[in-house]
Amino acid sequence: MLCVSLPGLDGGAVKASSPAMASLDIYSRCGFDGGIGCWTGNGKGKWNKLAAATAKAPKKRRFNISPMASSALAETRCTSRAKFYQEVLNDARENFTQEISFQSKDRDISLAKALLYVASEDEAFMAFNREMDAYSLQSERRSASLPSDGTEWTCVEAMPLAGKNMNEWMVELDVIAREVEAELVSREIGCDLAEVLDAVNMVLFRSRGFKRSSVLVDSKCAYLHSVLSSGYCSAILLSVIYIEVCRRLNLTIVGSRVGEDFLIWPQTGNPEELFKVISGHSLFGIVNGKCVDDPRSRASDINSNSLPGLELATNRDIIGIALANLMRLHWKRASRANHGLMLTSPLRSVDHADDKSNCLNVPLLRPQDLRLAIMASERLLILQPHNWALRRDHGMMLYYSREYEEAVQELSICMAFAPEEEAQVLEPFVEKLHLLRVESSWKSRGKKGHLTVS
């Protein structure tokens, strides 16, 4: 079934790294063209319009190990592993950025390669945390054994992901395409569109056993390599696999967002043939599944007349959808213990607060999932640098992680481009956040090598 659910990014909030886990502090700042605004903390406590017109865009920063992680990596062996993982993280992000670069034509972007770079970066971050947990356990229990350093790969493409490296997972898509070709040969059928799609469905759903998860709750169904390994996947990644396999068969599959769904279909000059019912199903229904027959879905309203009017999603759009789902998944997992907590909750409460503590009382959230959500939003901002709502959400996640300086910076940029009513909501919050940043910097003086959380 290829009906892709697109839930909104309206949930939860998350918190920063804890002392128990020496996390990599990953701040990849995406480039941003044009004038930006910033909170200058002037005497009247107002948004500085001049600063908004003249402030320089934030410079791109490389990944850095946080002060907390540096303290935890005092031993030479730990430091060596941290440097190694930092290089992997840098390479994965840089390769992802290069793959989706706006200097490249959209049709030249590989969906599979871009999403495997995402998986490589996140897996490297989680692998680092696992090693640091093992080192911490060994320091507490001298009898505990340390993990072996393992192989240090020469490039991120050689990094193992569920038993295979990136290039081997790309080959796996080639293998699936060859299985479809073999299925067509066994039927002694040529290039009939309906038969080709039926063969793709036969291989993916019957032979390979791919299953679509209606609710995204497991991170394993949100990464391409895990999906290819287990067959259990989110709807958008199932669409990515469908598109990639058909591309290898010289069949172009296009897609479009329709309400909360993402529909795909073979590109054709005769849309009527997609809706011709044969054996109880249309070609459009075979590709997209039950949602096209569900009266509650806007997909059920699509026909041969309305299909040509849909705005086709670009490869960058599809990658953005996958990243948005990944960000939402980790965000929900990070805020699981704080039911009902939303990214924008502090913005709603600040107007009613008598003092700053009412709106800046940051709850404790799961640090690893927080960082993974922030990493997903960083990549989204590379794709959509002028999306003010996304930048607001990113800034709020930085606030929940207690990275106040970075949060002020992102929210200041957001205020410069957001609608006036939204900027007015953000202004008092950014003012108090700026004061908290100054206070936090004062408290951190004289505590070198430690991350102070007020």
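Because the structure is predicted, anything quoted here is derived from the model rather than measured.

S.K.: An account of the environment of leucine 237 is requested, with residue identities and associated values reported.
M.R.: By the element assignment, leucine 237 lies in helix H8 (residues 235–248). The contacts of leucine 237, once residues within four sequence positions are left out, are Leu115, Cys221, Ala222, Tyr223, Leu224, Val227 and Ala322.

S.K.: Pulling in residues and values, what's your account of the packing of helix H4 (residues 111–140) against helix H10 (residues 315–334)?
M.R.: At a minimum axis distance of 10 Å, the contact between H4 and H10 shows a crossing angle of 30 degrees. The angle between the axes of H4 and H10 places the two elements in the roughly parallel class. Considering only the axes of H4 and H10, their crossing is right-handed. From H4, Leu111, Ala114, Leu115, Val118 and Asp122 reach across to H10, where they touch Asn315, Ile318, Ile319, Ala322, Leu323 and Leu326. Tallied by class, residues from the contact of H4 with H10 come to nine nonpolar, one polar and one charged.

S.K.: So what's going on with unusual backbone geometry? Which residues, and what values?
M.R.: You will see that alanine 162, though not glycine, has its phi angle at about 55 degrees, which is positive. Classification of alanine 162 as exposed rests on a relative accessible area of 54%. Not every positive phi belongs to a glycine, and arginine 402 is a case in point at roughly 65 degrees. Tracing the backbone shows arginine 402 in the loop between helix H13 (388–400) and helix H14 (404–417).

S.K.: A description of helix H12 (residues 367–383) should follow, citing residues and the corresponding values.
M.R.: For H12, with 17 residues, the first-to-last C-alpha span of 25 Å sits near the 24 Å given by 1.5 Å per residue. Buried residues dominate H12, accounting for 16 of its 17 residues.

S.K.: Describe the packing of helix H6 (residues 193–207) against H8, listing the residues and the values that go with them.
M.R.: Contact pair H6 / H8: the axes reach a minimum separation of 11 Å and the direction vectors enclose 130 degrees. On the basis of the axis angle, H6 is oblique to H8. The handedness of the crossing between H6 and H8 is right-handed. The residues of H8 that touch H6, namely those facing Leu197, Val200, Asn201, Leu204 and Phe205, are Leu238, Ile241, Tyr242 and Cys246. In terms of residue class, the contact of H6 with H8 is built from eight nonpolar, one polar and no charged.

S.K.: Could you give an account of the pairing of strand E7 (residues 261–266), with specific residues and numbers?
M.R.: E7 sits mainly inside the fold: six of its six residues count as buried. Residues Asp261, Leu263 and Trp265 line one face of E7 and the alternating positions Phe262, Ile264 and Pro266 line the opposite face, and both faces are buried. The pairing of strand E6 (residues 253–258) with E7 spans six bridges and is antiparallel. Bridging across to E7, isoleucine 253 finds its partner in proline 266. Linkage of E6 to E7, two consecutive antiparallel strands, is achieved through a turn of two residues, within which glycine 259 is found at a positive phi near 65 degrees.

S.K.: Give me the pattern of salt bridges: which residues, what numbers.
M.R.: On inspection of all chains with the given rule, the structure shows 21 salt bridges. Put simply, arginine 130 and glutamate 123 hold a salt bridge, and the shortest N to O gap is 2.7 Å. Exposure remark for arginine 130: the relative accessible area of 47% places this residue in the partly exposed category. In this structure, arginine 333 and aspartate 369 form a salt bridge, with 3.3 Å as the shortest nitrogen-oxygen distance. On the criterion of sequence distance, the pair formed by arginine 333 in helix H10 and aspartate 369 in helix H12 is long-range, its members being 36 residues apart. Assessed through its relative accessible area of 7%, aspartate 369 is described here as buried. Among the charged side chains, a salt-bridge network with shared partners connects Arg93, Glu121, Asp122, Glu378 and Arg379.

Analysis parameters
Residues numbered from 1 in each chain as written. Predicted model: local features only at pLDDT ≥ 70, side-chain atom pairs only at ≥ 80, totals over all residues. Heavy atoms only, no water. Helix = DSSP H or I, 4+ residues; strand = E, 2+ residues; numbered from the N terminus. Contact = heavy atoms within 4.5 Å. Axes fitted to C-alpha atoms, helices over the stretch in contact; angles between N-to-C directions. Parallel < 35°, antiparallel > 145°, perpendicular 65-115°, else oblique. Left-handed = near helix turned anticlockwise from the far one by under 90°. Nonpolar A, V, L, I, M, F, W, Y, C, P; charged D, E, K, R; others polar. Buried < 20%, exposed > 50% of the residue type's maximum accessible area, 1.4 Å probe, protein only. Expected span 1.5 Å × (residues − 1). Pairing = 2+ DSSP bridges. Salt bridge = Lys/Arg side-chain N within 4 Å of Asp/Glu carboxyl O.

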